[in-house]
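Secondary and tertiary structure notes
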Amino acid sequence: MNAAMSQENRGMWMGMVGVAIFSLTLPFTRMAVAELNPVLVALGRAVVAAMGSAALLWWVGAPRPTPRQWRALTITSLGVVVGFPVFSSIAMRYVPASHGAVVIGILPLATALFGALRFGERPSVGFWIAAFFGSALVVGFALWQGGGEFHVADLALFAAVIAAAMGYAEGGRLSQSMGGQQVISWALVLSMPILLPITVWLCWNYGLDASPRAWIGFGYVSLFSMFIGFFFWYKGLALGGIARVGQVQLLQPFLTLIGAALILGEALDARNFLFAIAVVAVVAVGRRMSIRR
């Protein structure tokens, strides 16, 4: 029992590091897409990360995935390598990063739902109540920030949530047999033959003329959001379970708000922290609810 709890706690801490890295994705994406084509940013960051992934896989002598693992990697790649970056980059062209926190608001619930339906995890009723309540808190907060309505870009944000939840759940389960580093690395390498020529075409048509600030944003989402962050995140999901560790994402909107204020100068006031305290309380309650795996 103690060993199981220790493993779960390790998973939660690993997940927290991943969330901290991911929380700056929207602010840095907004920096990049202010001057660069949003689809170019989304696919280009995957190409850059894929190069590092190929080198890592060669360095560690990673075995090739089995046919079954290739299928899971395809789903992972469609979700976190292509889907989330493309939809969130498009959204960040039109709405502030603070408003984009709506993406993070419903992501824990979506991740838990994919885990339950895809892999047979059985969260208790109490867990689902906590998940729904936490998601309602952050979605309500995003609506409040948006003046009581969703922007057109929210359609892209909701699509990004679905894509990310699918990729998180599939990659998290696959990490139990492959390890988080290999999952994201193989997912990136798998996408390379398709994304590279598209990225070259986008570069040719839209150009690469941008300020150092935009390239700093691109560099962060390429190396940290698309690569390093997944090492921690998938390891956390593998150790602690998709549904439970996915609850940590409830904190991400508020880390994103802080990042948006520090990096982009977006408004931040004391009321934001009141919502953050409420979300932390929901996460604490959710952790105490039983989950059958």
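Rules used in this analysis
Residues numbered from 1 in each chain as written. Predicted model: local features only at pLDDT ≥ 70, side-chain atom pairs only at ≥ 80, totals over all residues. Heavy atoms only, no water. Salt bridge = Lys/Arg side-chain N within 4 Å of Asp/Glu carboxyl O. Helix = DSSP H or I, 4+ residues; strand = E, 2+ residues; numbered from the N terminus. Buried < 20%, exposed > 50% of the residue type's maximum accessible area, 1.4 Å probe, protein only. Contact = heavy atoms within 4.5 Å. pLDDT = per-residue confidence, 0-100. Expected span 1.5 Å × (residues − 1). Bend = angle between axes of the 7 residues up to and from the residue.

Per the counting criterion, the structure on display carries one salt bridge. Residue Arg30 pairs with Glu266 through a salt bridge whose shortest N-O separation is 3.9 Å. On the criterion of sequence distance, the pair formed by Arg30 in helix H2 (residues 25-33) and Glu266 in the loop between helix H11 (252-264) and helix H12 (270-288) is long-range, its members being 236 residues apart. With relative accessibility at 26%, the residue Arg30 sits in the partly exposed group. The class for Glu266 is buried, based on a relative accessible area of 15%.

For Gln69, the location among the structural elements is in helix H4 (residues 67-92). Looking at Gln69, the relative accessible area reads 16%, which means it is buried. In this view, Gln69 contacts Leu174, Ser177 and Met178; residues no more than four positions away in its chain are not counted.

Locating Gly134 in the fold gives a position in helix H6 (residues 125-145). Along the chain, Gly134 and Val282 lie 148 residues apart, while their C-alpha atoms are 5.9 Å from each other. Those residues in contact with Gly134 that sit more than four places away from it in its chain are Leu250 and Val282.

The next thing to look at is the environment of Pro85. Mapped onto the secondary structure, Pro85 falls in helix H4. Distance from Pro85 to Arg45, taken between C-alpha atoms, is 8.6 Å for residues 40 residues apart in sequence.

Taken as a whole, the chain shows an average pLDDT of 85; of its residues, 94% reach a score of 70 or greater. Within the chain, strand S2 (residues 291-292) has the poorest average pLDDT of any element, 61, and H2 the best, 95.

Along its 29 residues, helix H9 (residues 212-240) runs 39 Å from first to last C-alpha, staying within 8% of the 42 Å computed at 1.5 Å per residue. By the largest-angle criterion, Phe230 marks the main kink of H9, which is about 50°. Phi turns positive one or two residues past the end of H9, at Gly241, with a value near 100°.

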